[in-house]
Structures are given as C-alpha cells and as structure tokens.
Amino acid sequence: MTHQVTLTQFIIEQQRGLPDASGTFTLLLNNIVTACKQISHRVNCGALIGVLGSAESENIQGEVQKKLDIITNDIMVKALDWSGSLGGMASEEINDPIKIPKQYPKGKYLVLFDPLDGSSNIDINLTVGTIFSILRCREGVEPETEDFLRKGTEQVCAGFVLYGPSTMLVLTTGNGVNAFTLDQDVGEFILTHCNMKIPEESSEFAINMSNQRFWEPPVKRYIDECVAGVDGPRGKDFNMRWVASLVAEVYRILTRGGVFLYPHDLRDPSKPGKLRLMYEANPMAFIIEQAGGLCSTGRERILDLKPSSIHQRVPLILGSKSEVERIVGYHQQD
Ligand code: FBP
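Rules of the game
Residue positions are given per chain, counted from 1 along the sequence in the order it is written. Since the coordinates come from a predicted model, pLDDT governs what is reported: local features require at least 70, and pairs of side-chain atoms require 80 or more to be given and counted, while whole-chain, interface and lining totals use all residues. Only hydrogens and water are set aside; all other atoms, that is, all heavy atoms of the structure, feed into the side-chain values. The secondary structure listing takes helices from DSSP runs of H or I that are at least 4 residues long and strands from runs of E that are at least 2 residues long, numbered from the N terminus. Buried residues are those whose accessible area, probed at 1.4 Å on protein chains only, stays under 20% of the maximum for their type, while exposed residues exceed 50% and partly exposed ones sit between those limits. Here, two residues are considered to be in contact whenever any of their heavy atoms come within 4.5 Å of each other. Per-residue and other accessible areas follow the Shrake-Rupley method at a 1.4 Å probe size, with only the shown protein chains counted as cover for residues. Whenever two N or O atoms come within 3.5 Å, that pair is a polar contact, provided that in protein one can donate a hydrogen and the other can accept it, and provided that, for residues adjacent in sequence, both atoms are side-chain atoms. Each helix should span, by expectation, one fewer than its residue count multiplied by 1.5 Å. Residue types Ala, Val, Leu, Ile, Met, Phe, Trp, Tyr and Cys, when buried and joined through side-chain atoms within 4.5 Å, form a set referred to as a nonpolar core. Per the annotation, domain bounds derive from an automatic or database assignment of domains.

Asks: I'm lost on the overall build of the chain in this one. Help?
Replies: Of the regular secondary structure elements, the chain holds eight helices and 17 strands. Looking at the chain as a whole, 56% of its 334 residues qualify as buried. Pairs at least 24 apart in sequence give 64% of the contacts found in the chain among residues at least 6 apart. When the accessible surface of the chain is summed, it comes to about 14,200 Å², and 51% of that surface belongs to carbon and sulfur atoms.

Asks: Explain the side chain of Thr24 here, please?
Replies: Mapped onto the secondary structure, Thr24 falls in helix H2 (residues 24-45). On the accessibility criterion, Thr24 (19% relative accessible area) is buried. Side-chain polar atoms of Thr24 contact the side chain of Ser22, separated by 2.7 Å. Residue contacts for Thr24: discarding those within four places in its chain leaves Ser85, Lys108 and Tyr109.

Asks: Would you take a moment to explain helix H8 (residues 321-333) for this structure?
Replies: Since there are 3.6 residues in each turn of an α-helix, residues three or four apart along the chain are aligned in direction. A rise of 1.5 Å per residue sets the reference length of H8, with its 13 residues, at 18 Å; its end C-alpha atoms lie 18 Å apart and thus fit the reference within 8%. Buried residues of H8: Ser322, Glu323, Val324, Ile327, Val328, Gly329, Tyr330 and His331, and no others. Close packing links the buried residues of H8 with helix H5 (217-228), strand E13 (259-262), strand E15 (294-296) and strand E17 (316-319).

Asks: Help me understand the nonpolar core in this model?
Replies: Looking at soluble globular proteins, one finds that nonpolar side chains tend to be buried together. If you look at the biggest cluster of nonpolar residues, it comprises 45 residues, and the most contacted ones within it are Phe160, Leu254, Phe260, Ile302, Leu316 and Leu318. Considering each element in turn, this core owes the most residues, nine residues, to helix H7 (residues 277-290). Each of domain 1 (7-195) and domain 2 (204-332) gives at least three residues to this core. In contact with Phe260, not counting residues within four places along its chain, are Ala206, Trp242, Leu246, Glu249, Ile253, Leu275, Leu316, Ile317 and Leu318. Core analysis: the next-biggest nonpolar cluster, separate from the first, contains 41 residues, Leu29, Met76, Val111 and Val128 among them.

Here is the structure:
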C-alpha cells in the first residue's frame, strides 16, 4: 500500500522549510481540524441527535440561525480559545470579535470563520462546510476590531472543510492548494488531491437565477451569452449549477473549472452583495488564486479590498481565469 501522508505530516514538513516556525501555526491548524472533525460528526448524525432545524434566534446578519449554526460556532470557539496560538477570533454568528478568556495566554494569530456555510441546506441533507481565514496579529495584546480588518493579501492560511459524501479539507498556506479526505476509521485527514489547478477554460456557470432582475448589465450580458449557447456570441453551450453552498461551488470549480457569481445586487444599495468579505470571499479568493483562478467583485480584485467591517458584504465572482477576465472586461466596458 502506498504511504498515506496525513495532514499533520504534510504541515510539519511544510513548516520545516520556514526558519521562524515555532509549531504554533501547526497547533492552531490542528485545533481547527479537530473542531471540524467534531462538526463533521454532528452534521453526519443530524436528526439522530436532534440538531436539525431552526434555533428561533437571529444572528448579526438578521438571518434566522439554524441550531447547527450555534452548535458549530461553539465547537470552533471551544477548540481554539485555550491554545495560546490566538490573539482573537471573529465568527459569522457573533457580532463583535471574540476575546480570548483571561485564563488563557494570547498568541500571534487571528482566525475568522464561517462555522457552517450553506446552512440553508442542512435540513435537506446537502453539502455544507466550514470556512476559515488566518491572519497574523501583535502577540500578547488584546486585538481591536481594526486588527482584523486586513486585506486578503495578508492571509497566512485559508481553508474550508466540506461535509458532503466525504468530509474533505481544502487548504492553502500560499504554496498551492491541496485537499485531504477524512479517513473516518482512523480519524485522520489524508492527502488525496495534490496541487489542485483550476482549468483555465470552462463552460459551466453558477448563479442564483432567481435574482436576475436585480443584476447589473455586465452580469446580465454574460449570463445571457452563456444561456444563448452555440447559436450565441460564445459559440458554445454552457451548463448551469447552483448548490446554494459556497463550499460546494468552490470545490466543484477547483475540480473541473467553471465560474461562480453572487454579483452586485441592485435590490438594496446598502448591501453590495450577499457574501461576507472576511470569512467567505477572502479565504476563497486566496484558494482560487493559488489554484490559478481569479476572484473579483467585477470591478476590483477581492484580495486587494481594504475591509471596513468584520461582517462587510461584497459582490463575488470567482473561478476559471478566462471567464472571470471576460466578466471583469464587461464591467470595464459598462
Ligand atoms: P451562509 O449559509 O454561511 O449564510 O452562506 C451563505 C450561502 O449559503 C452560501 O454558501 C451560498 O453560496 C449562498 O449563501 C446561497 O445563497 P441563496 O440562498 O441566495 O441561493
């Protein structure tokens, strides 16, 4: 049997190359992964342990929380706050940055996370996930909100875990994108997809078509041309997908290419988009670019955006290079 590389071995071997590696990052990642294994179990048990359905409470986004939104948030916080590797955390489910309890030492990293992405799919047993972004912070001090509001280019690591037919971890530390599959028997993530690269060309798009009347002309033009198919200006047929789980959309694009759009929406000018910059768009942009794709608002590179708030929303267009370039080109012509 070929030697199976575990996530721990993979990270330790990567860290060996870094002169100032102290093991703190490896510990932090290990704790995030332990939390995701616990979440995988809860999600997998679902109705058996009564965790499906709504919690009858709302989060800062004004969204009705699922029971699992709260359970997964607590699992992440409890797995990370004691470790001494963090100065602070921020979560989709919590309004303000989460402080490290006084009894624990503070560390040199910040983690921002969406504990359960795609939660509208949890009760219908579709793929959901956890998304995380890691930044450096000043060691030993109580971080302010400002300390979290850093450009996506400053991320030291980004990843997401898919709770689907398999539980998978997709990860980048700036040296390409690798994916690991959870061996449920051993309880270890095993390296199964090395150096993933997004095909440049693609004929598959993902967008919530029910929002069409709120799209700007460049997006309307792009989607109309895809739908027009071989008889239209693109001269080829396109396929469409919409899972309503960003993690599932991004994993499909990493695997077979394509483009995902949750564009600028004219419905409510105060909400330039649905998805959140700090713990959805930025980590996905880091991963997509490391796999050779592009990630934009339509007008700006996501990773270059200067954040203004922890729960800031942005338009998100990501995927195969040539398709994103075409959509950005249509915005420039507009
Ligand atoms: P959360 O579930 O974390 O709020 O994520 C938002 C999300 O579910 C994305 O995963 C997905 O891409 C999008 O919203 C689906 O939006 P819609 O419900 O409009 O189709």
